[in-house]
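Here is how the chains run, residue by residue.
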Amino acid sequence: GVDDFDAEPVTGMSKEEFLNQFPKNVIKQGKIIPIREELEKKFKETKKLDLSKLNTNEPIEVKTHVTESEKEESKEFEKSEIVMLRIRTETGKRNLMLKLLATDIMSTVYEYIKPYVEDSSSTVEIRSVFPRKTYEESCDMNLKQLGLFPSAALVLHKV
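Keep in mind it's a predicted model, so treat the numbers as computed, not measured.

## Observations regarding the environment of threonine 64
As for its position among the elements, threonine 64 is in the loop between β3 (60–61) and α3 (65–72). For the pair threonine 64 and leucine 98, spaced 34 residues apart in sequence, the C-alpha to C-alpha distance is 6.9 Å. Ignoring sequence-local partners within four residues, the contact set of threonine 64 consists of Leu98, Lys99, Leu100 and Tyr112.

## With respect to the confidence of the model for the protein
Regions with low pLDDT carry predicted coordinates that are not meant to be interpreted in detail. Per-residue confidence for the protein averages 80 on the pLDDT scale, and 72% of its residues sit at or above 70. Confidence over residues 1–10 falls short of pLDDT 50; this stretch has zero contacts with residues more than four positions distant or in other chains.

## A short note on the packing of aromatic side chains
Applying the stated rule across the entire model yields zero aromatic pairs. Stacked on the ring of phenylalanine 149, the Lys or Arg lysine 144 has its end atom at 4.4 Å from the ring centre.

## Quick look at the sheet that holds strand β7 (residues 133–135)
Read from one edge of the open sheet, six strands run β3-β5-β4-β8-β6-β7, paired in mixed fashion. The two strands at the open ends of the sheet, each matched to only one other strand, are β3 and β7. Sheet contacts for α3: β4 (82–88) and β5 (95–101); angle to β5, the most-contacted strand, approximately 70°.

## Observations regarding the side chain of glutamate 118
By the secondary structure assignment, glutamate 118 is in the loop between α4 (106–113) and β6 (124–128). According to the relative accessible area criterion, glutamate 118 is buried, its value standing at 11%. Polar contacts involving the side chain of glutamate 118 include one to the side chain of threonine 89, which spans 2.6 Å.

What counts and what doesn't
Residues numbered from 1 in each chain as written. Predicted model: local features only at pLDDT ≥ 70, side-chain atom pairs only at ≥ 80, totals over all residues. Heavy atoms only, no water. Helix = DSSP H or I, 4+ residues; strand = E, 2+ residues; numbered from the N terminus. Contact = heavy atoms within 4.5 Å. pLDDT = per-residue confidence, 0-100. Phe/Tyr/Trp six-rings, centres within 6.5 Å; stacked < 30°, edge-to-face > 60°. Lys NZ or Arg CZ within 6 Å of the ring centre and 35° of its normal. Pairing = 2+ DSSP bridges. Axes fitted to C-alpha atoms, helices over the stretch in contact; angles between N-to-C directions. Buried < 20%, exposed > 50% of the residue type's maximum accessible area, 1.4 Å probe, protein only. Polar contact = N/O pair within 3.5 Å; in protein donor to acceptor, adjacent residues only side chain to side chain.

Written out as structure tokens, the structure is:
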């Protein structure tokens, strides 16, 4: 009954836990409504995630100093200077695409991916799957020295 409503204290839950209580879609007046997606948009005040891509498998292109200077100064980089990184988020739901310079270091990569970490309360590290290797944020070798040139597929791992 109504009385046992107070029996269980309300606990804080993650956004994902909250959203997963709902079906992906509901049908209203014959229309399919992506209810989770609509709810997700209500969380927009965090301004952290690219919500338009949340429920798609489309990779998210992360704005970097490279993409910005290409756009704003129509600067052309040599292929020998560019590293393309594809980084899967810790839940495996999304792929981030980063266009960086071969001379950039890992702290730059971490800086760009931080807003896309799905559980902001957790610490993540960037790893390669094969060979299994962790790339520390404090590492001062550049991406080329780390063997990530011209491109690499990496994963975020919850620590």
